[in-house]
Amino acid sequence: MAIKSVPDIGNPMGFDLATVLTGSGLTLLLSAAILKYSSELQYSTPELYGIGGIVLVVVGVLFGIILVVTGNR
């Protein structure tokens, strides 16, 4: 007798939908903050986008490594 697996509604196409939506929201918030406050900082808008992108990539990679090391992925 075959056991039917329950579909994962949060992972419909091979990626975690909650993570994608959260990441998209963070990106939009970061973009809005850069556009609003870039004139008050010593960095140009492209530099701020680059810094923000690097920070998000580093945080994502570190979080992924933590998940793998703890056995959650």
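Our subject is the structure listed above.
Residues numbered from 1 in each chain as written. Predicted model: local features only at pLDDT ≥ 70, side-chain atom pairs only at ≥ 80, totals over all residues. Heavy atoms only, no water.

Student: Help me out: how do you make sense of the environment of L30 in this one?
Tutor: On the secondary structure map, L30 appears in helix 1 (residues 17–37). A residue is classified by how much of its surface remains accessible, and L30, at 30% relative accessible area, is partly exposed. Remark: the alpha-carbon pair of L30 and G53, spanning 23 residues in sequence, is separated by 9.2 Å. In this structure L30 touches G52 and L56, once residues within four positions along its chain are discounted. (Helix = DSSP H or I, 4+ residues; strand = E, 2+ residues; numbered from the N terminus. Buried < 20%, exposed > 50% of the residue type's maximum accessible area, 1.4 Å probe, protein only. Contact = heavy atoms within 4.5 Å.)

Student: I'm lost on a nonpolar patch on the surface in this one. Help?
Tutor: A cluster of nonpolar side chains, contributed by I54, V57, V58, V61, L62, I65 and V69, occupies part of the molecular surface with about 670 Å² of accessible area. Looking at where V57 falls in the secondary structure, it is placed in helix 2 (residues 45–69). (Patch = residues over 30% accessible without salt bridge, like charges linked within 9 Å, V, L, I, M, F, W, Y side chains within 5 Å. Areas by Shrake-Rupley, 256 points an atom, 1.4 Å probe, with all protein chains shown as cover. Salt bridge = Lys/Arg side-chain N within 4 Å of Asp/Glu carboxyl O.)

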